[in-house]
Amino acid sequence: MSADHTPKIVGTVWGLLVLNTLGSAGAKTIIPLPRSLIQMVTMGALVAAFALALAVNLRLRIRASSFVFLLTLLLVESVISSANLESGFGALFRCFRLALFVGTLWLLSRWWNGGLTFVRYHIRMYFAVLGSVATGLVVSPGAALPDLYGGRLVGALWPLTPPQIGQYAAVIIGLTVLLVLGRRTDRASAVVVIVPSFVLLALTHTRTATLGLFIGLALAIGSLILTSAAARRFFTWAVLCAVVAAVGFASALQAWFLRGQSKENFSNLTGRAKVWDALLAAPRSTSEQLFGVGLGDKSFGGLPIDNSWLAVYNEQGLIGVTLVAAVIIVLGGVALLRPPSLQRACAIFLISYCAIASYTEAGLGDASPYLLHLALAASLLAAPAQAAPLPTPEVPRRHIPRWAQRSEVT
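Since we're looking at a predicted model, the values are computed, not measured.

1. So, a nonpolar patch on the surface
Okay, so step 1: Taken together, the side chains of Ile30, Ile31, Leu33, Leu37, Met40, Val41, Val138, Val139 and Leu157 define a hydrophobic patch exposed on the protein surface, amounting to about 810 Å² of accessible area.
Okay, so step 2: When residues of the nonpolar patch are traced back to their parent elements, those giving at least two are helix H2 (35–56) and helix H5 (117–139).
Okay, so step 3: Among the secondary structure elements, Leu33 is positioned in the loop between helix H1 (8–20) and H2.

2. Brief notes about the environment of Pro32
Okay, so step 1: Its place among the elements puts Pro32 in the loop between H1 and H2.
Okay, so step 2: For the pair Pro32 and Leu157, spaced 125 residues apart in sequence, the C-alpha to C-alpha distance is 8.9 Å.

3. Focus: the pattern of salt bridges
Pairing is possible between side chains that carry opposite charge, provided their charged atoms lie close to one another.
Okay, so step 1: Following the criterion strictly, the structure yields three salt bridges and no others.
Okay, so step 2: A salt bridge links Glu315 to Lys298; the nearest nitrogen and oxygen atoms lie 3.1 Å apart. You can see Glu315 sitting in helix H15 (residues 308–337) and its partner Lys298 sitting in the loop between helix H14 (286–291) and strand E1 (299–300), a full 17 residues away along the chain.
Okay, so step 3: Exposure remark for Lys298: the relative accessible area of 16% places this residue in the buried category.
Okay, so step 4: Overlapping salt bridges bring together Lys298, Glu315 and Asp366 as one network.

4. Thoughts on unusual backbone geometry
Okay, so step 1: Within the chain, Arg183 stands out as a residue other than glycine whose phi angle is a positive 55 degrees.
Okay, so step 2: You can call Arg183 exposed: its relative accessible area is 72%.
Okay, so step 3: Its identity is not glycine, yet Lys298 carries a phi of approximately 60 degrees, on the positive side.

5. A look at the packing of helix H9 (residues 207–222) against helix H16 (residues 342–357)
Okay, so step 1: Close contact between H9 and H16 brings their axes to 8 Å; oriented N to C, the two are set at 145 degrees. Our pair here, H9 against H16, has a crossing hand that is right-handed. Residues Thr208, Ala209, Leu211, Gly212, Leu213, Ile215, Gly216, Leu217, Leu219 and Ala220 of H9 lie in contact with H16, whose contacting residues are Ala345, Ile348, Phe349, Ser352, Tyr353, Ile356 and Ala357.
Okay, so step 2: In terms of residue class, the contact of H9 with H16 is made up of 13 nonpolar, four polar and no charged.

Cut-offs applied
- Residues take numbers from 1 onward in each chain, read along the sequence in its written order.
- The predicted nature of this model means local features are confined to residues of pLDDT at least 70 and side-chain atom pairs, given and counted, to a pLDDT of 80 or more, with totals for whole chains, interfaces and linings taken over all residues.
- Note: side-chain values were computed over all heavy atoms of the structure, leaving out hydrogens and water.
- Like charges within 9 Å and nonpolar side chains (Val, Leu, Ile, Met, Phe, Trp, Tyr) within 5 Å are joined into patches, using only residues over 30% in relative accessible area that form no salt bridge.
- Values of accessible area rely on a 1.4 Å probe in the Shrake-Rupley scheme; residue burial ignores everything except the protein chains shown.
- We define a salt bridge as a contact between a side-chain nitrogen of Lys or Arg and a carboxyl oxygen of Asp or Glu at a distance within 4 Å.
- By the criteria applied, helices consist of DSSP H or I runs no shorter than four residues and strands consist of E runs no shorter than two, each listed in order from the N terminus.
- Whether a residue is buried, partly exposed or exposed follows from its accessible area with a 1.4 Å probe, protein chains only, as a fraction of its type maximum: under 20%, in between, or over 50%, in that order.
- Helix axes are fitted only over the stretch in contact, all axes being lines through C-alpha atoms; the angle between N-to-C directions runs from 0 to 180 degrees.
- Crossings are assigned a handedness: left-handed for a near helix turned anticlockwise from the far helix by less than a right angle, right-handed for a clockwise turn.
- Residue contacts are counted whenever heavy atoms from the two residues lie within 4.5 Å of one another.
- Residue type decides the class: Asp, Glu, Lys and Arg count as charged, Ala, Val, Leu, Ile, Met, Phe, Trp, Tyr, Cys and Pro as nonpolar, and the leftover types, Gly among them, as polar.

Note that all results are geometric; they support no functional claim without further evidence.
This is the structure in structure tokens:
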């Protein structure tokens, strides 16, 4: 089935998955929104996504996917680790949420055929989210750039943190640049997406998202250099601009990168290293080392872990870490084995971005935007579905009279 035959309702399902992964914790909004209301909206979006995906795929036609299979194993491991309720009943609720998320991906896998349809869904939905951020900035600049976050951009209409906004902006910028290089969109439409998204990314002062964007794009465009003249030209100009910016704006870039922090605070990653050291030094039983303590809020000692690998180790143990590593390795390996193409370049960008962001952001072990990015990469790496051969109409045998048969023999 080609991308052109993907039902429109599939795009709605993908948008609901994006809404579910926005989360419920963040900055204070212009109109205070109770966290229970936000959780009701996000969880309702996931339930609706699963119901719509099931409605459009009642025959349960799915495609074999090593990515979703590994997520299913991670779900089983999460249920085992959460069954002892060491993290409370919330762990079982998070397992239920992950089950709906993985189930929806299985149902959508029917339309994963290596096309760019889901890339466009991804860009449109996250651009709409960034539109709400920009609206909040215009309506109330004070609420959108609060002192609590050091003047960094937050969501004033929906509670979004600077790292979230930076992540969404970086991902759609990278995908849109690749679509332009592949001549799958016009430059005017690309400018409408890239320019405001880049402004919002700069206002967030998110270093991880910025590094992920540039490194991911470098790897993705590098995979196209041998087959695309446009990629070669873009790469050359990008290197020249980077050199000029590094020489002419070194002090400004350094100030933006440091965000007013001391070198000591910067060296321990804004306090993250202290949480990581405490987590690794905490005593654990053999069961906790293997299976973890169950799905939680990605925190330790009341502080955010902000590292996907350590968060998975804490909640899903070494088995969970192994499964998450297998997801990255399998997707990366498949991408390297594919011949050069725009779809392969987009997948490489998404995989590399998630791998880079995993060092300072949590989310690879639970329903999150990062798993959604990787699901998009898996859809891009899926082999095109083989069209069923058309049945050959049976030619009716012509009746030959007996006298004609005797004449032929004679």
